[in-house]
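Observations on the model geometry
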Number of protein chains: 2
Amino acid sequence: MSVVVVQPSRTRFHPFDARQVSLVTGFWADRIRTNRERTIPHGLDQLRSAGNLENLRITDGYRAAADSVGAVLPFLDSDVYKWLEAIGWELARAPDPGLAAAADDVIALVAAAQRPDGYLNTYVQARGGEPYRDMSWGHELYCLAHLIQAAVAWHRALDDDRLLTIAVRAADHVPAALIDGHPGIEMALVELGRVTGERRYVTMAAEMIELRGHGTLAGAERFGATYWQDHDPVRDAASVAGHAVRQLYLDCGAVDVAVELGDDRLLAAVRRRWDDMMRTRTYLTGGMGSRHRDEAFGDPYELPPDRAYAETCAAIASVMLAWRLLLATGDVGYADTIERTMFNGVLPGISLSGTRFFYTNPLQRRTHRVPGGAGERRPWYACACCPPNLMRMLSSWQQYLATHDDSGIQLHQYASADIVSGPVHLQIRTGYPWDGRVTVRFLQSPPEPWTLSMRVPRWCRSATLTGPDGTLAAGAGIVKRHRRWQAGDVVELNLEMPARITEPDPRIDAVRGCVAVERGPLVYCVEAADAPEHTEIEELGWDPGRELASVPRPDIDESMVGVTVPVFRRWPGETPAEGLAVGAIPYFAWANRAVGGMRVWIPR
Amino acid sequence: MSVVVVQPSRTRFHPFDARQVSLVTGFWADRIRTNRERTIPHGLDQLRSAGNLENLRITDGYRAAADSVGAVLPFLDSDVYKWLEAIGWELARAPDPGLAAAADDVIALVAAAQRPDGYLNTYVQARGGEPYRDMSWGHELYCLAHLIQAAVAWHRALDDDRLLTIAVRAADHVPAALIDGHPGIEMALVELGRVTGERRYVTMAAEMIELRGHGTLAGAERFGATYWQDHDPVRDAASVAGHAVRQLYLDCGAVDVAVELGDDRLLAAVRRRWDDMMRTRTYLTGGMGSRHRDEAFGDPYELPPDRAYAETCAAIASVMLAWRLLLATGDVGYADTIERTMFNGVLPGISLSGTRFFYTNPLQRRTHRVPGGAGERRPWYACACCPPNLMRMLSSWQQYLATHDDSGIQLHQYASADIVSGPVHLQIRTGYPWDGRVTVRFLQSPPEPWTLSMRVPRWCRSATLTGPDGTLAAGAGIVKRHRRWQAGDVVELNLEMPARITEPDPRIDAVRGCVAVERGPLVYCVEAADAPEHTEIEELGWDPGRELASVPRPDIDESMVGVTVPVFRRWPGETPAEGLAVGAIPYFAWANRAVGGMRVWIPR
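Here goes a summary of the coordinates provided.

Conventions we followed
Residues numbered from 1 in each chain as written. Chains lettered and ligands numbered in written order. Predicted model: local features only at pLDDT ≥ 70, side-chain atom pairs only at ≥ 80, totals over all residues. Heavy atoms only, no water. Pairing = 2+ DSSP bridges. Helix = DSSP H or I, 4+ residues; strand = E, 2+ residues; numbered from the N terminus. Least-squares fit on C-alpha atoms with pLDDT ≥ 70 in both. Contact = heavy atoms within 4.5 Å. Salt bridge = Lys/Arg side-chain N within 4 Å of Asp/Glu carboxyl O. Buried < 20%, exposed > 50% of the residue type's maximum accessible area, 1.4 Å probe, protein only. Axes fitted to C-alpha atoms, helices over the stretch in contact; angles between N-to-C directions. Parallel < 35°, antiparallel > 145°, perpendicular 65-115°, else oblique. Left-handed = near helix turned anticlockwise from the far one by under 90°. Nonpolar A, V, L, I, M, F, W, Y, C, P; charged D, E, K, R; others polar. Core = buried A, V, L, I, M, F, W, Y, C linked by side-chain atoms within 4.5 Å. Phe/Tyr/Trp six-rings, centres within 6.5 Å; stacked < 30°, edge-to-face > 60°. Lys NZ or Arg CZ within 6 Å of the ring centre and 35° of its normal.

All names here are of chain A. Pairing in this open sheet of five strands is mixed, and the strands run β1-β4-β5-β9-β12 from one edge to the other. Sheet topology places β1 (14–15) and β12 (477–483) at the edges, where each strand pairs with a single neighbour. Alignment of strand β5 (residues 408–411) against strand β9 (residues 450–456), held across four bridges, turns out to be parallel. Looking at the pairing, glycine 408 lines up with threonine 451 of β9.

And the structure:
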């Protein structure tokens, strides 16, 4: 039994067991520690005060539930399950009696809330409702999906089947394949099938995939059938559409079904949508979803920076989908996207402190805004899908760093980590993402030759690989070394990462005449706190006549590297117009200081 | 008793009685005829099939109402009242037995639906609800407002007080000043006070204005208190905010209250908001409201063309507010805005046929769009506020053309019309908006000298006025002639209107690097139907090296003038890149042919 976020039966690349990959120091180790020590405990407090846990105690009628803070939205159970999933991964990383005890209490609540017949949904139960009556908006199978995912995590990570017993009974209560307005159940059922060996769960997931797309979900007059991807069959729809998280969760399930059933046509449909989405509907940050109204993908090239929805959950879902596609196909382009999205689409959703969140991730915030407009991170949300989704994503992040296959090991994401897998012991050290040098030290290796593959990111214009065979230049894609590795061997990948200017696709109307600043895998932004005195960021234009410069930014984070951007004033003002510069910081680190303007895209 | 849309007690300019201004031929006469002969009868059909009229028959409980198509939204009564208001203005223009009979039937329904105690709201009555319990979302006073406006119209236009009797009883049922989530009642009550001479209605409206802005409306967690302008007191709020129609209706009421009470501070607050709105939150078309989610104004300079909400009702409300401000202040800048908004913000909301509508008026529609996305005019809407609002606006349009004061007559909008007011008889003839020559012939005038004022629009860079005293150049603003006019005198205003390129404010991010084409008062757009063969409009960029040309477009409308825009291809394709041109048509005429792409703002 492997500790993995997803365990396909047939893949091109195989995931490592989470226990085989250890984050040691540096950027990601710090992030994961913050998640474990601050974010997850903060989550417990919030689940308690928001009423999610109270909901689990109330299964005896509407009146009591109506008095509870948290009883008003149908999907609140799912946040509890995501939080439990995160703890499952964390306890596999290392014991923590406090977390374990908190989880025990909540698991006991979940167990007690389940009806004798297996049904479990506090929203419906508290209201004395009938199950599966509001498939469009009820989120019952969506909540069940997260229960299953938590159960699978606890089963795999801890060999603890308390949640799995509950989840199986709840899944078995579902009378037949149904379509839920919010997908997610499809991938969960496939995983449940993998864990239990019960083929019928996979079959039900496959049926759900086929049922969708025929306009049968009631309530589509509100946002249209695209909102929940009920407009075109999943194997036919040419492009992503509607609510971004729903589409991406659905496509995760479609990949899982396709892989289990060897359904190449279904897999091809998902890849086609993915390619189109990358080309036409993805922000520079990897974020997705251009519209606030229905949290939806927009038209092709409709990518407004100010009104970007770019929900944190959509970025997480994109990483989940890219990971499934990477495993299924072995195409490292998906790993490139995971990198971009993780740094610039997922991480901006959580503060450096680990306890404040963004639900939406715009690429621009104006200095002058509507009264009462959003713009600050919050400790929690009424609809709090994103915070616990971040928790489970970060808790399992080391699983996304590398894969293996018959030929050897593939390193996809760079972080200081040890990989210990059978006779192979690799020590990876790097200052990534601030520094592009990645050293792989072989502490142990089997006598047979094998191939070490390392991803050279698309953003990198100059890379070299130095190993026992010497140094060679490496282009974007994969660089490989096949040899009989010996203890003491060292391979060093050098990715040059000067700060660079990025031009937008000319078809994106909303950022015409602008440029962005990037460095390595990171998208940068300018924030009011770094603007020249008496100058608003809206007044600044990029000055192409002078050079960008990388500079340390210990004022924000110990190892952080910022970029100094030469600018001019776009209209006359009090401060001098010439020779101005503004400090850009990584976009993921924005909104950790005073509230003010912010821009990723800077006018020329 | 004057036939006027609004009758302030104290004004700088005075409105003419609708019967004193007759549209004769040409652009506006055609539009008004279409409204009378096609749109209003179409409205009756739609009110019938959508259930609005059925609602008026159902006042005996929820079950019956739930079976009715139209019983599901709380504001449906208002559409009936707006339709009745339009008929009031039309019957004053000329009798029409068919319209009169239809109105009689509906008025009888309204009368029968009123409760013995005066209360009238089919949504609440059909559900057996208590009045005024859901001030935030219930729209009860909003519906009452439209009942009052219709009653005032019938009283003034036809001396018919059937509706006024109902409206007075309904207004008197309101126990005290309350805040409605959707403003509108404030201006209606002031008008009711003016019509009945009952000061208490004005007082109640004034109290409503003061009550708002203290965060007391329940339900603000959904969109924020700005949504219904409950965030700042009406006399303090520095900028428009929230739902655009609500803000503009509220400010109409604030002007009406300010004028009645001589409250200069309140009037100044509205003017301040107006100025800020014009500078920072108004589309080139005069449209307003940048966000779909809450139909709201956005941040300053947040004016996306593709996701422009620019609700037809907001443009109508802007004309209503500008008219009140023009009368109150005598500042013809408001008349400039009325012109821009009427041609480019209101008219696009209705098809050339008069029977299909747009609720939102984006300035861009992509060739490739989300599946099932909007983009076509519809015969009606589930929330059908806009169509009957267009009907009443067009039915009363001649009232907006001119004003008078002690010094003489002011011509604000140009159309072929006769003005007969006491001893003055003017014959105005023009090919406007296609041609900038406006001839005013004096058929009769009193022996005393008086001043004829004519507006020279802000868009006009070269104008001359020729009269009995000779010819002189006229700058933007007002051109005046004071003399002892005699029958046979002719004054000719010549407004040059070459097609022109308009640059956007550099602070508007969404249209950076683009230009628009305008001619006279009209904003133009390029539509797919006029693009070069095998070329999508997204591929076109404006070529500044060649000239714009005005060309007749009889293929769309008899007298229409289009503009030929020199363009180049922005990226390589099959068609030649050089020497291309595309025909631009007035924006108001878009979406009357095959559905396809459209752009107002064209990349350079």
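What follows continues from the structure just given.
Moving on, we get to the relation of the copies chain B and chain A. To go from the first copy of the chain to the second, apply a rotation about an axis and then a shift along the same axis. Expressed as a screw transformation, the operator carrying chain B onto chain A has a rotation angle of 180° and an axial translation of 0.0 Å, and the superposed copies differ by an RMSD of 0.0 Å. When the rotation and shift are considered jointly, the pair of chain copies conforms to a two-fold rotation axis. Judged by C-alpha distance, arginine 293 of chain B is the residue of chain B that lies nearest the rotation axis, at 2.0 Å. By residue overlap, the copies meet face to face through one surface: 100% of the interface positions of chain B are interface positions in chain A.

Our next topic: the side chain of aspartate 336 of chain A. Looking at the element boundaries, aspartate 336 of chain A is found in helix α14 (residues 333–346). The residues touching aspartate 336 of chain A, leaving out its near neighbours within four places in the chain, are Arg455, Pro457 and Arg458 of chain A.

Before going further, it helps to examine the pattern of salt bridges. The full count for this structure, using the stated rule, is 108 salt bridges over all chains. In this structure, glutamate 85 of chain A and arginine 392 of chain A form a salt bridge, with 2.9 Å as the shortest nitrogen-oxygen distance. With glutamate 85 of chain A in helix α4 (residues 76–93) and arginine 392 of chain A in helix α15 (residues 386–395), this residue pair connects regions lying 307 residues apart in the sequence. The class for arginine 392 of chain A is buried, based on a relative accessible area of 5%. Across the pair arginine 200 of chain A and glutamate 198 of chain A runs a salt bridge whose closest N-O atoms are separated by 3.4 Å. Arginine 200 of chain A sits in the partly exposed class, given a relative accessible area of 42%. Residue classification places glutamate 198 of chain A among the partly exposed positions, given a relative accessible area of 34%. Each of Arg291, Asp299, Glu302, Asp509 and Arg512 of chain A together with Asp306, Arg307, Arg366 and Arg599 of chain B takes part in a single network of salt bridges with overlapping partners.

Residue and element names in this part refer to chain A. For the pair helix α10 (residues 199–211) and helix α11 (residues 244–261), the least separation of the axes is 10 Å and the interaxial angle reads 125°. Regarding the angle of α10 to α11, the classification is oblique. For the pair α10 and α11, the sense of crossing is left-handed. Along its contact with α10, which presents Arg199, Val202, Ala205, Ala206 and Ile209, the element α11 presents Leu250, Gly253, Ala254, Val257, Glu260 and Leu261. Considered class by class, the residues forming the contact of α10 with α11 number eight nonpolar, one polar and two charged.

In globular proteins that are soluble, nonpolar side chains generally tend to be buried together. Among the nonpolar cores identified, the biggest contains 213 residues, and Trp28, Leu84, Leu452 and Met454 of chain B are the most heavily contacted of them. Examining the composition of this core, we find that 14 residues originate from one element, helix α13 (residues 312–329) of chain B, more than from any other. By size, the runner-up hydrophobic cluster in this structure holds 211 residues, among which are Tyr81, Trp89, Ile209 and Ala254 of chain A.

The subject of this paragraph is the pairing of strand β10 (residues 463–467) of chain A. Across a regular strand the side chains alternate sides, sitting on one face of the sheet and then on the other. All names here are of chain A. Burial along β10 is one-sided: the face carrying Ala463, Leu465 and Gly467 is buried and the face carrying Thr464 and Thr466 is not. In the sheet, β10 pairs with strand β11 (residues 470–474) via five bridges, with the strands oriented antiparallel. If you follow alanine 463 over to β11, its bridge partner there is alanine 474. Connecting β10 to the next strand, β11, in antiparallel fashion are two residues. When β10 meets strand β13 (residues 490–495), the two strands line up antiparallel, connected through four bridges. Within the sheet, the bridge partner assigned to threonine 464 lies in β13 and is asparagine 494.

Moving on: the packing of aromatic side chains. Enumeration according to the criterion identifies 50 aromatic pairs over all chains in this entry. Ring geometry for tryptophan 28 of chain A versus tryptophan 397 of chain A: centroids 4.9 Å apart, planes at 45°, classification tilted. Taken as a pair, tryptophan 28 of chain A in helix α1 (residues 27–50) and tryptophan 397 of chain A in the loop between α15 and β4 (402–405) lie far apart in primary sequence, 369 residues in all. Note on accessibility: tryptophan 28 of chain A and tryptophan 397 of chain A belong to one class, buried. When the ring of phenylalanine 27 of chain B is compared with that of tryptophan 434 of chain B, the centres are 5.9 Å apart and the planes differ by 70°; the resulting orientation is edge-to-face. One end of the pair, phenylalanine 27 of chain B, is in helix α1 (residues 27–50); the other, tryptophan 434 of chain B, is in the loop between β7 (424–430) and β8 (437–444), and 407 residues separate them in sequence. With respect to class, phenylalanine 27 of chain B is no different from tryptophan 434 of chain B; both count as buried. Over the ring of tryptophan 485 of chain A we find arginine 483 of chain A, and its NZ or CZ is 5.6 Å from the ring centre. Sitting over the face of the ring of tyrosine 123 of chain B, arginine 127 of chain B holds its NZ or CZ atom 3.7 Å from the ring centroid.

That is the geometry; function is a separate question.
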